[in-house]
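Single-letter residue listing:
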Amino acid sequence: MDRRKFTKILGISSFFLGTGCRRPELSHINKVKQDYSTTYENILEYKTNVIFGNFPVGIKVRTFEDIPFHISKDEFNTFNYGVVPRSILSSLYNLYDKNRMKSPIVNGKEVDLPFAIESLFNEIAKTITNKKKVAFFLPLFNSPFIQSLTNEIEQYSDSIKFIALPVFDYFSSQFNANKTVFNKEFYALYDISEAKIIINFGRDFLEHDPLFPFYTSRYATNGDKILITFEDNFSLTGANSTIRFPIQFDSVESFALAILKNVILNNSKREFADTFNLVFNNPPLPEIPESLIQLLKNNLKNCSFICNDFHSASLQIITFLLNLFSTENLYGISLSRFCFFDLQNYRSNQDKFLSLINEVDRYEQFIFLGYNPYFSLNSTLIDLIQNHPGAKISTFSLYKNALTELSTITIPLQHYLEYWLDYENYDEKICSQQPVILPLIKDSISLPDFMFRLRKFLTKSSDDNRYDVFLLNYYRKFYSEKNEFQKNIQNGYFYSKSTDRKKQIVIKSSEFLSILKFIRQGFMKKTKSEVQLRIIPNQDTYAGEYSNNIYLYELPTTLDGIVWDTPLFLSKSLAKQKGIENEELVQITFSKNKNLILPCIVKENISGNSAYIIYRNNYYLQKNFRKNIFELDLTVVGNFNNFFVQNITINRVGKNYEIARLQRNSSKIDMEKFGIYRKNQPQMYPNKIQPKENKWTMIIDTHKCIGCNLCILACQLENNIPVLGKEQIIKQRDLFWISVSILKMQNNKTKFIPIMCQHCDYAPCESVCPVGATSHSPDGVNEMTYSRCIGSRFCMANCPYSVRKFNFVSAEVAHLNFDPRMINPFVTLRSRGITEKCTFCIHRINFERGKSKLQGFSEFEVTTACQEICPVSAISFGQRKKIIPDDNNTEELFVLLPEFNTIPNVFYKLKRNE
Amino acid sequence: MKKFISKKLILAAVFFFLLLDVFLIINYQRNGIGYQPIQNVSFSHKLHSKKKKTCLFCHHQAETHCYANLPTTKTCMICHIALKTESSLLKNVLYSYDSLISLRYIKINDLPDYVRFNHSLHIRSGIDCATCHGFVDEMDSTYQAKNFTMGWCVDCHNKPEKYLIKPREISGIFYFNDTTLFEKINFSDPMKFVKIISTNLTLILPQKIKPASTNCSICHE
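Residues numbered from 1 in each chain as written. Chains lettered and ligands numbered in written order. Predicted model: local features only at pLDDT ≥ 70, side-chain atom pairs only at ≥ 80, totals over all residues.

### Focus: the overall build of chain A
- Looking only at helices and strands, chain A has 31 helices and 37 strands in total.
- Residues counted as buried form 45% of the 914 residues belonging to chain A.
- Intrachain contacts of chain A at a sequence separation of at least 6 include 75% that bridge at least 24 residues. (Helix = DSSP H or I, 4+ residues; strand = E, 2+ residues; numbered from the N terminus. Buried ≥ 20, exposed ≤ 12 C-beta atoms within 10 Å, placed from the backbone. Contact = placed C-beta atoms within 7 Å.)

See below:
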């Protein structure tokens, strides 16, 4: 080697060394800029309403320097009383999502918004002149503004039809039954808030329900309730219920009838009993335990009955009768039990849809304004579009999907936080949806804006130029005072009109016969099919396109801990018949060579030959997250009646499939290991002084907890915990700070126990850290200094609760799909090679402490993120003195793993006898 | 020649450069004292403190916020719309006032991103600006006076009486031990009038200087 070469190599190597070694802070710290530092004035909260299912749900949006970064509950909304569905809670992801459609596309070319809308309008004008028809499809919700616009446009020309359809049609079964039996068009919501015993016929109202916010908020009020469930699947509601009957899906009606006969007709309403025996004499009704009948007889006035909406019409009528008879006055209905909801829109839209099917040839244009038939499995509409010659499809959508591939004109929609709209709720309250941020995508349009422009184009009116000004003028007639508008924005709702919603429904003994005949006709036909498959729409799907959210896919299901995949659940006896094992691929054969291959999970506690899929469409997911997941395309199968399929066969494929599941801490919470919290425990380090009064403590009430997993999601969003993807979860590298474990009690009841960092007084993790990255604060918080951690993981090994998590992936890399605005500015992002855990929301504590110091108060209150969102308020947090005022009265409080003598600051409420 | 350049020597050289790099990096971090960049506006704190402009006159956010602001162009133009408008030093300020392009300053006293420092809480406890920033009012062009390391912070938190400088009039942090002082203020003095309007707070100095808490989560959330 020459001297020159040597110096060259030396120079180059030293150059690379110099540039390659970054300053340690650069690689080791969060990238959130110091400009985001805490201030006490720039945080503002706005109230808005969002459509979930078909009803508006009230939420609060927190903004920092005019950028929304947090969604929390609005306790004063009378529809949901602070219960927020998880898809709405995490929908800020959709707002900042980089995969949203950026620009309109006309004939495969990217154009700007005015051109796209103009070309759409021109095509509409062409079809009108050709005397053909245009069909608009919108999602079904009750907005007076949109309703008035559609009426105006439809009156203007006959060739335009607006058809609003629900995401999943859960109305029709009850609606049609009420229509034929009572001659009145309504949908009854059963208010269960005042009931003490709830008898539930297969409705999973605590998880996968379009009315999840309505029912769960009412379930949580007025103390403990006894829940009795008849169901074919093993749902969260079944797990929460005190008595659970695992029965088959087609025998739910007969169980309901047996209760009607034994509890009511043989007891109080004897005049109806004879007619009942006349109609139902031949197939004997199933037997119901005597103790249950006695319980219901004694507390009949406090009973409430609810049933699955995706079931036969006769079940809907039976539950209505049960509710009617159990109330005090038979003639007329007290409003405490029923909330009626008129569905004039629904009825008229169904008629329009049927007429469209009859005269398809006259239609040329199909325009989808936020409604997607692929998403809601509407296969009649899909067939109609695909097989229609010369059909022109145009879509308005947040994302690219199967429908946008078919269409010639696609225009991006706005997120719900970007535009004004109004909704009318079930109790005739007008709710306002207000924007909190300017539209992030320049060439996007909102639904009311488009409707306004269409009306202006067709009628050639010279009104205002902007839809929001027009909307405000529309509402100005309701206001008597000037300030009233601002007040309504602050409250989130106002009453427009007051009408008497009480309906008189009287059943005479002569009518009763015809009702019973209707019930008998509508009975589900029992076939001896091998498998009874039920498709249960996931809760998230009711949020429409907002369910395209990686947070929701990584959120584990409470009962199984399944992440990312949508498997088929099989009963144990059925699996034994077929020789199917757990986590195996399975082929479902529908009629006409229609097949579906799925991974399956064998479940106990399910009756006979029932199987079910909790459906969500994963076509919408981003490609890099979708590649490891099994695609589930149910549109192949065809139309479902009540989402229930019979006459199918299930066969083995002979391949295994790995389903990502979260590891549980359930081994750590055996009943024997629970110990009573004792005041004078022997101390390991007696010299260490512990303050007793101002320690931060948390109490989790296990009687109240329903295991909805909202606390996990709220914690994840608050503390910037990244979404990792399926590959990482299979390696058990999840980063959730809270895990909900299941405790089986002696009376076969399940209790859900959220486990987070216990913030022990004598924390085992603190003593082993070689660099002192975890320490104990004087107010009892076990704190973690990320910039100090070197990742030795001794603390993880030494933690008996295994709540510490290790970052295998840098948070920056994991957040690559994100906009930085999504990140909570008050919490640091953790980099690779660092352990993390629950901090008791230390940023909130510091924030409140500083605020109180500036205002001159010595006391302050803090709500943690999990406490804030809990729908049943099972979590309480505060200083020791306030939360446990009497140290002697702590018999119900328990501590995890007392034999380790760590003295935790998280307590669990549990009755000792259970 | 080939004998001279062996593998060991290359390794030694690489190792030497590596050590040098590490040494440089450490030195770069620690030795911030005396850092004095040339700013766009050659603002003299010394000159303005003679005119009895307090610190909070320009950095008013420090009193109520976490983050002490740098003054906007409009703050300068409160006085300089009429005063010394033809000075060559004001050229950049006037340009930004006309063109609506905000002034850019180079930050001198900079903390790493993982540290959360709250100005308002420190001012609330009666700590003068000079404790951390040095006597800026005597500087012609500003430089870093203290090394902003963690040890330095923790030292002061443990033994504040060693380091603290009591509030001076020039910093603008005014404080009352008794509220009667409020009445004694001479409202004919324009400077004090400005002070009262700018703050809604009445600051109360702690009676004794106590050591502050040193647990990690106070600064590292």
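Here the narrative resumes.
### Notes on the overall build of chain B
- A tally of regular secondary structure across chain B gives 11 helices and 0 strands.
- Scanning chain B from its N terminus toward the C terminus, one meets helices and strands in the order α-α-α-α-α-α-α-α-α-α-α.
- Considering chain B as a whole, with its 221 residues, one finds that 16% of them fall into the buried category.
- Taking as baseline every contact in chain B between residues at least 6 positions apart, the subset at least 24 positions apart corresponds to 77%.

### What to know about the sheet that holds strand β2 (residues 55–64) of chain A
Residues and elements named next belong to chain A.
- With antiparallel pairing, 3 strands are arranged side by side in an open sheet as β1-β2-β3. At either end of the open sheet lies a strand with only one pairing partner, and these are β1 (43–52) and β3 (67–73). Across the sheet, the mean angle separating the axes of adjacent strands is 35° when strand polarity is ignored.
- Here 10 bridges tie β1 to β2, and the two strands are oriented antiparallel to one another. Each residue of the ladder has a partner; that of Ile 51, found in β2, is Pro 56. (Pairing = 2+ DSSP bridges. Axes fitted to C-alpha atoms, helices over the stretch in contact; angles between N-to-C directions.)

### So, the nonpolar core
All names here are of chain A.
- Ranked by size, the top nonpolar core spans 206 residues in total, and within it Leu 369 and Ala 714 carry the most contacts.
- Every residue in contact with Ala 714, bar those within four places of it in the chain, is listed here: Leu 89, Ala 865, Cys 866, Glu 868 and Ile 869.
- Val 531, Leu 574, Tyr 612 and Ile 613 belong to the second-largest nonpolar core, a separate cluster that totals 17 residues. (Core = buried A, V, L, I, M, F, W, Y, C linked by C-beta atoms within 7 Å.)

### Let's talk about the sheet that holds strand β9 (residues 197–201) of chain A
Residues and elements named next belong to chain A.
- Ordered by their spatial adjacency, 4 strands build an open sheet running β11-β10-β9-β12, and the pairing between neighbours is parallel. Sheet topology places β11 (243–246) and β12 (303–307) at the edges, where each strand pairs with a single neighbour. In this sheet, neighbouring strand axes are inclined to one another by 10° on average, regardless of whether the strands run parallel or antiparallel.
- Here strand β10 (residues 226–231) pairs with β11 via 4 bridges, running parallel. When the sheet's bridge partners are listed, Glu 231 is paired in β11 with Pro 246.
- Here helix α13 (residues 313–326) sits on the sheet in contact with β9 and β12, set at roughly 170° to β12.

### So, the pairing of strand β22 (residues 584–590) of chain A
Residues and elements named next belong to chain A.
- Here 7 bridges tie β22 to strand β23 (residues 594–603), and the two strands are oriented antiparallel to one another. Looking at β23, one finds that Leu 585 is bridged to Pro 599.
- Where β22 hands over to β23, the hairpin turn is made up of 3 residues, of which Lys 592 adopts a positive phi near 60°.
- The pairing of β22 with strand β26 (residues 649–656) spans 5 bridges and is classified as antiparallel. Across the sheet, Thr 589 pairs through a bridge with Thr 649, a residue of β26.

### Thoughts on the environment of Lys297(A)
Residue and element names in this part refer to chain A.
- Here Lys 297 shows up in helix α12 (residues 290–298).
- Residues Lys 297 and Ser 268 lie 29 residues apart in sequence; the distance between their C-alpha atoms is 9.3 Å.
- Excluding residues that lie within four positions of it along the chain, Lys 297 makes contacts with Val 263 and Asn 267.

### Thoughts on the packing of helix α17 (residues 447–459) of chain A against helix α18 (residues 467–476) of chain A
All names here are of chain A.
- At a minimum axis distance of 9 Å, the contact between α17 and α18 shows a crossing angle of 90°. Between α17 and α18, the angle falls in the class roughly perpendicular. Two secondary-structure elements touch here, α17 through Pro 448, Asp 449 and Phe 452 and α18 through Tyr 467, Phe 470 and Leu 471.
- Of the residues contributing to the contact of α17 with α18, the split by class is 5 nonpolar, no polar and 1 charged. (Parallel < 35°, antiparallel > 145°, perpendicular 65-115°, else oblique. Nonpolar A, V, L, I, M, F, W, Y, C, P; charged D, E, K, R; others polar.)

### Things to note about the environment of Phe141(A)
Residues and elements named next belong to chain A.
- With respect to the secondary-structure elements, Phe 141 resides in the loop between β6 (133–139) and α6 (144–156).
- Between the C-alpha atoms of Phe 141 and Asn 345, which are 204 residues apart in sequence, the distance is 8.6 Å.
- Leaving out residues up to four positions away in the same chain, Phe 141 has contacts with Ile 51, Asn 54 and Tyr 423.

### Brief notes about unusual backbone geometry
- Positioned with a positive phi, Ser873(A) is a non-glycine residue whose angle comes to about 45°.
- Following the sequence through the fold, Ser873(A) ends up in the loop between α30 (865–869) and β35 (875–879).
- For Leu100(B), which is not glycine, the phi torsion reads 60° and is therefore positive.
- Note on placement: Leu100(B) falls in the loop between α5 (91–99) and α6 (119–124).

### Quick word on the pairing of strand β15 (residues 392–397) of chain A
Residue and element names in this part refer to chain A.
- In terms of strand pairing, strand β14 (residues 363–369) meets β15 through 5 bridges, oriented parallel. Residue pairing in the sheet places Leu 369 in a bridge with Phe 396 of β15.
- In the classification by handedness, the crossover that spans β14, the intervening helix α15 (residues 379–386) and the parallel β15 is right-handed.
- Relative to strand β16 (residues 409–412), β15 runs parallel, the two sharing 4 bridges. Bridging from a neighbouring strand, Thr 395 pairs with Thr 410 of β16. (Right-handed = clockwise from strand over helix to strand, strands pointing away.)

### With respect to the confidence of the model for chain A
All names here are of chain A.
- Across chain A, the average pLDDT comes to 82, with 87% of residues at or above 70.
- Confidence over residues 22–39 falls short of pLDDT 50; this stretch has 35 contacts with residues more than four positions distant or in other chains.
- Confidence over residues 671–680 falls short of pLDDT 50; this stretch has 11 contacts with residues more than four positions distant or in other chains. (pLDDT = per-residue confidence, 0-100.)

### Here's the deal with the packing of helix α4 (residues 73–80) of chain B against α5(B)
Residues and elements named next belong to chain B.
- Where α4 contacts α5, the axes come no closer than 10 Å and their chain directions differ by 110°. On the basis of the axis angle, α4 is roughly perpendicular to α5. As α4 packs across α5, the resulting crossing turns out to be left-handed. Contact with α4, carried on its side by Thr 73, Cys 76, Met 77 and His 80, involves Val 93, Ser 96 and Tyr 97 of α5 and no other residues of that element.
- Here the residues of the contact of α4 with α5 sort into 4 nonpolar, 3 polar and no charged. (Left-handed = near helix turned anticlockwise from the far one by under 90°.)

### So, helix α29 (residues 842–855) of chain A
All names here are of chain A.
- Taking 1.5 Å as the rise per residue, α29 with 14 residues should run 20 Å; its terminal C-alpha atoms sit 20 Å apart, in good agreement.
- Of all the residues in α29, the buried ones are Ile 842, His 843, Arg 844, Ile 845, Asn 846 and Phe 847.
- Of the surrounding elements, those touching the buried residues of α29 are β32 (782–784). (Expected span 1.5 Å × (residues − 1).)

### Some thoughts on the environment of Phe201(A)
Residue and element names in this part refer to chain A.
- Take Phe 201: it is sitting in strand β9.
- Judged by C-beta crowding, with 25 C-beta atoms within 10 Å, Phe 201 ranks as buried.
- Sequence separation of Phe 201 and Phe 230 is 29 residues, and the distance between their C-alpha atoms is 5.0 Å.
- Excluding residues that lie within four positions of it along the chain, Phe 201 makes contacts with Phe 230, Val 252, Ala 256, Cys 307, Asn 308, Leu 315 and Thr 319.

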